[in-house]
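# Descriptive structure summary
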Amino acid sequence: MKRRKLLQTLALASGSMLLPVGCNSWVAKEVKGLSNRKRLITIFLRGAIDGLNVVVPHQESDYYEARPTIAIPYPGEKAGAIDLDGFFGLHPALADILPLWKQKTLAFIYNSGSPDGTRSHFDAQDYMESGTPGIKSTSDGWMNRLLARLPQDRPTQAVNVGNTTPKILQGKMPIANLSPGANSTRPISIDRPRISSAFELMYGGQDSLSKAYQEGIKARSIILEELKQEMMSANRNAGTVNQFVDDAAEVAQLIVSDARTQLAFMEVGGWDTHIAQKQVFNRSLPNLGKGLATLVQGLGSVYSDTVIVVISEFGRTVKENGNNGTDHGHGNVMWLLGGGVRGGKVYHQWSGLTESELYEGRDLPVNIDFRDAIAHVLQEHLSISNQDLGYIFPQYQLASNLNFLR
Amino acid sequence: MNKKTNCSVYTSWSERQLSLVLPILDYLDYLSVPPSLEVDSMKKSLQNWCILLVSIALLWLGILPYPQAMGAENQDKVLHYISRLSFGVTPGQIQQVQASGIENYLQAQLNPESIPESPVLERRLGQLDTLKMGPPDLFKSFQKYNIQLQPNKGRNLSIAEKKELQQKRNQFRQKAIKQAQKAHLLRGVLSERQLQEVMVDFWFNHFNVVFSKKVIPFWLADYENDIRTHALGNFRDLLATTAHHPAMLIYLDNDLNVAPNDKAKGNLKGINENYARELMELHTLGVDGGYTQQDVIALARILTGWGVDRKGGLGDENSFKFYERRHDYSDKVFLGHTIPGTGIEEGEKALDILASHPATARFISYKLAQYFVADQPPTSLVDRLGDKFLDSNGNIKVVLDTLFHSPEFNDPQYYHNKFKTPYQYLVSILRASNINNPNFQRLRGMFAQLSMPIYGCATPDGYKNTQDAWLNPEGMLRRVSLANAIANGAVSNKQPVNAQQLQKTLGNKFSPTTKNAIAQSPPRLRSTLILGSPEMMNR
C-alpha cells in the first residue's frame, strides 16, 4: 500500500505527461486524466479471410448449395454453427469469443469492405491501410495520420506488433514496435549502456536512420519496463505456443500499464484458403478466438475505453472451388469488439446470395465502405473532428448511417 | 601563346585534370614576359616547361591535392559498383577493382561462367548431402516414413515407435530446409559470381515460394538452382522454368487446378485461380498490366493439368507432369488472343504472350531499377530498360548491361541510398569481416530476429527491398545489437572482428559523425560501431 501511494505521488509530481518508469498497472489506472483515454486496436487478417464461414448465414439455402463440402452445418448439427441471431451463426471454432457476443460487446458488419474491386491481396491490403482505395500514390497509412491528429505524447502512443512497419502505420509520425513472439523482452546488446551510449553519438542526427534509432531506444525502455513487471503474472497465458495469443497478452499488458499507448496494430496471416479451407479454419480460428479473448481479458477495465476492429482485405468467392477452398472475392465481414460497442448484433445490408445479387455474379457485394465503420469509431470514440477526418481519409464522404457505438 | 602550346600537349587529359592544371598555366602566364619582348621568349618558354614538369612530378607523387581528389572519386564509384553488383565488399576488393577497372569487373560479373567459382564454396557445398540427392529421391526418403506410419501397413506400431518415426520424418524435412538455406547463405557470402547470386536473390523473391508449405522443402534447392541457371539469361526461359517447377505449382496450388468436369477424386474438382492470378499480377504483367477477372479465369483453365508427379517416373526429370485428363480442352480467349483447346501448348502460348507483353517489360524494368538504383526509380531509366527488354526479347544480361551503364545508375545522387534488407545487411557484414565459415545456426536465429528467414516469406510477392519495408525503430536496435554480437565473434567461433582490417576493407569511407563516434568510444567497440554504422546499413 505504501508503494502504491509513493508511485501515485511520483506520477503526479512528474506531471500529466510522464509516468514513472515501472509503475504498476493499477497505479496507472488510478491516475486521473490518463487512464480513461480512448484506445483503438486494429487487427488485420492478411490473406482475405472467408467471412461467410466466420459469420455463417445459416438460414440462406444458397449458402449450402454454393458450398457442398465446406459449408458450416446448421446450428445443432455436428460441428454446426453457433447461432447468433436466428439468421447468422458463428463458426464453432470461435467459441472463445461467444461470451463477448452474449455480453453485447461484440458485433459484426456484413457486406463491408473496400469499394475498389481489386482481387489482388497486395493492392487491396495497401488500399485498406492507406485508407484511399484506388489511389496508389498515398505513401502513408491512415493510423499514422490518425496518430498525427491525436494529442501528442510520444513515443509508445502507437504500437505495432512486428519487426517491419506495415503500411497502415507508415508515415511521418514515429511508432513503436513490439517484437512478435515470446522474445520481445529478451536482453539484446543495445540494452547495455556502454553500447547504447556509443551508438548514441552515431545516431544522434535527424536523418531517417537516426530517427528510427532514437525512437527505438525510447520505446524499448518503456516496453521493457512495463512488460518485465508482469511477464509472469496470471493474465499471461503461460506455456502457450501460439504467437498471436502471446502477442495479444503483451499488447494488453502494455496498454494497461502504459497509459500513453493509444493505438495498436496487430496482424494475423494465413487466411488465403484456396485449398482445404476446413482444416485451415479448424487449426487457425481457435487461436484467433483465443487471442481476442486474451486481449479483452488482459485489458480488464480498460476494455470499456477500447474499440477493437478486425478487418481483412477482401472476402472470398461464395462458391467453393475445386479444392475444397475458395478463391479471391470482394465483400466481407468486419468484426468490432469493445466496451462501447453496441454488440450482440450483426449490422448488415444483406442482399442474399443469389447470383444476380452478387458482385460480378460471384462475390458478396460491398454495401458498407470499411471507412464508414472506422470513421464512426474515429468520430464517436476518439473525438476526431470532421476536418481531421478529411485528413485521415482524404477524398472520402461519410456515406452510411452506421451507429454501433453506445 | 605559351598556354595554348602547353595545352595542346595535354589534349588527352580529362576536363577535370585540366581544371587542375590550368591554374598552374595561368600562373606561368603571369610569370612570363609580355609578348613584346620577343627575344627572351624562347628562354622563358624553356623555363616554363621546367616549372610545368616539376608540377606534374609533384602531382604524380601525390604532394598536391589533385591525385587524392581523383582517387576519391574513383573509389566512390568503385565502391558503388561493388555494393550494387554484390552482397558487399571483401578485403582488398576495392583495390582489385580499381586496378582491373570497373568495366572489366562489370563484364566478368555479367558473364559468371567466365569466373572460376571459389573452391572453398564448392567444398562446403559438397558437404551438404541432401543437395546431392535429386528432389524425387528426397521426397521418396521422406515418404518412406509416411508409408511406415500408415495404419494397417505391415505390423502394428507401438506408440513409442510411431513417435520415433514421426520425429525422424520431421528431422529429415528440417534437414532438407536447413541445408538448402545454408547453401543459399554460403553462396551469398563466398561465391565469386556475386552478381549471379544477387540476381538469384532478386528472382527468387520475384518468383517467391515458401519453405514451409507441404513438400516444397524437397524442391527448394532445385528450384533455386533452376533460377540460377537463367538468372542472367532469357526471361521467357526463366518464366518457363518457374511455371514448370513443382515448388511453384505446389506453392500456388496449380497442382490442384483441374477441369471442372474431371472425374478425379478427392479435392481435384475444378479450377483454382491462385497461380493464374499471381502469374500475371506478380510474375509478368504487374497488377496494372491491363488484365481482367475473365483473363484470370481463362489462364487458370489454360493451366489446368499442369501438375506434379511427386514420386517421379511419370513426369520430366523435375517431376513436372502435364495431366491430360485433368485439362480443360475448351477454347479460351486470353488477353484478346483466341487459344484453341489443344493441351499443354496452350500454356506455352500463354507464357509467350505474357513474356513478350510490353506491360511485363515495364514491370520487370521497374523492379530492376528499384532493386539496383533507387526505391523510387527514375522514370527515364525504367522506360529505357523497358525498351531494351522488348528489343532484346527479354535478355536479362542486356537489360542489366544497359542499367549499369546508364547515367542514372552512375549519378552520385543514387550512391549509397539503398537501405539493405536484413539478408543483405548480415551477408555484407560477413563478407567485410572475412568470416568465411559462419556459424549457420546462430545466423538462422539472427535472420529470424530481423524478420527475414531465408525462403521464409509466406506471401507470393516475396521480400521487399525498399527502406519503407525494413527501416523501423525495433529493427534498428536489433541490427546494431547483432552487429555487436558479430563483432565479438558470435558467428566466427568467438574470433572477434579486427577493426583495423575492417576499416581498410571498407575503404575508410565514413562520415564525420561515424568517425567521431568511433573516435570517442573505447577501442574495443570499434568493430561493433563500424558494423552498426549507417555506412554498413546502406548499399
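First things first, this report covers the structure right here in the doc. As the structure is a computational prediction, the values presented were derived from the model and not from experiment.

Let us look at the side chain of Gln179 of chain B. Along the polypeptide, Gln179 of chain B turns up in helix H10 (residues 159–190). On the accessibility criterion, Gln179 of chain B (12% relative accessible area) is buried.

A few words now on unusual backbone geometry. All names here are of chain A. The backbone of Ala79 shows a phi angle near 55 degrees, a positive value even though the residue is not glycine. Accessibility expressed as a relative area gives 53% for Ala79, which makes it exposed. A positive phi angle, near 55 degrees, is found at Ser383, a position not held by glycine. Considering the arrangement of structural elements, one finds Ser383 in the loop between helix H11 (370–381) and helix H12 (386–392). Among the residues examined, Ser383 registers a relative accessible area of 62% and is labelled exposed.

Attention shifts here to the packing of aromatic side chains. Taken as a whole and judged by the stated rule, the model has 34 aromatic pairs over all chains. An angle of 70 degrees between the planes, with centres 5.9 Å apart, marks the rings of Phe108 of chain A and Trp335 of chain A as edge-to-face. Placement of the pair is Phe108 of chain A in strand S5 (residues 106–113) and Trp335 of chain A in strand S10 (residues 332–338), with a sequence separation of 227 residues. Trp335 of chain A shares its class with Phe108 of chain A; the two are buried. An aromatic cluster of at least three residues, connected via ring pairs, comprises Tyr81, Phe202, Trp203, Phe207, Phe235, Tyr371, Phe372, Phe389, Phe404 and Phe409 of chain B. Above the ring of Tyr391 of chain A, the side-chain terminus of Arg149 of chain A is found at 3.7 Å from the ring centroid. When the ring centre of Tyr425 of chain B is taken as origin, the NZ or CZ atom of Arg479 of chain B, which lies over that ring, is 5.0 Å away.

Residues and elements named next belong to chain B. Look at helix H18 (residues 358–372) against helix H19 (residues 379–391): their axes get within 8 Å of each other, and the N-to-C directions meet at 130 degrees. Taken together, the axes of H18 and H19 are oblique relative to one another. Taken as a pair, H18 and H19 cross one another with a handedness that is right-handed. Across from Pro358, Ala361, Arg362, Ile364, Ser365, Tyr366 and Ala369 in H18, the residues of H19 making contact are Thr379, Leu381, Val382, Asp383, Leu385, Gly386, Phe389 and Leu390. Residue composition of the contact of H18 with H19, by class: 10 nonpolar, 3 polar and 2 charged.

Here we come to the nonpolar core. Counting residues in hydrophobic clusters, the biggest one holds 157 residues, and the most contacted among them are Met199, Trp203, Leu299, Phe334, Phe372 and Phe404 of chain B. Of the residues forming this core, the biggest block, 9 residues, is contributed by H10 of chain B. Not counting residues up to four positions away in its chain, the partners in contact with Phe404 of chain B are Tyr81, Leu85, Leu106, Leu110, Leu195, Phe372, Phe409 and Asn410 of chain B. Grouped together as the second largest cluster of nonpolar side chains are 64 residues, Val55, Tyr63, Ile97 and Val251 of chain A included.

On to the environment of Lys311 of chain B. You can see Lys311 of chain B is positioned in the loop between strand S1 (306–308) and strand S2 (320–322). Lys311 of chain B gets classed as exposed once you look at its relative accessible area, which sits at 55%.

Moving on: helix H26 (residues 512–519) of chain B. For H26 of chain B, the set of buried residues is Thr514, Ala517 and Ile518 of chain B. Across the axial projection of H26 of chain B, the buried residues extend over an arc of 100 degrees, all falling on one side. Structural note: H26 of chain B exposes Pro512 and Ala519 of chain B on the side pointing more than 90 degrees away from its buried face. For H26 of chain B, the secondary structure elements touched by its buried residues are helix H7 (193–202) of chain A together with helix H27 (526–531) and helix H28 (534–537) of chain B.

Procedures and definitions
Residues numbered from 1 in each chain as written. Chains lettered and ligands numbered in written order. Predicted model: local features only at pLDDT ≥ 70, side-chain atom pairs only at ≥ 80, totals over all residues. Heavy atoms only, no water. Helix = DSSP H or I, 4+ residues; strand = E, 2+ residues; numbered from the N terminus. Buried < 20%, exposed > 50% of the residue type's maximum accessible area, 1.4 Å probe, protein only. Phe/Tyr/Trp six-rings, centres within 6.5 Å; stacked < 30°, edge-to-face > 60°. Lys NZ or Arg CZ within 6 Å of the ring centre and 35° of its normal. Axes fitted to C-alpha atoms, helices over the stretch in contact; angles between N-to-C directions. Parallel < 35°, antiparallel > 145°, perpendicular 65-115°, else oblique. Left-handed = near helix turned anticlockwise from the far one by under 90°. Contact = heavy atoms within 4.5 Å. Nonpolar A, V, L, I, M, F, W, Y, C, P; charged D, E, K, R; others polar. Core = buried A, V, L, I, M, F, W, Y, C linked by side-chain atoms within 4.5 Å. Arc of directions from axis to C-beta.

Remember, this is a structural readout, not a statement about activity or role.
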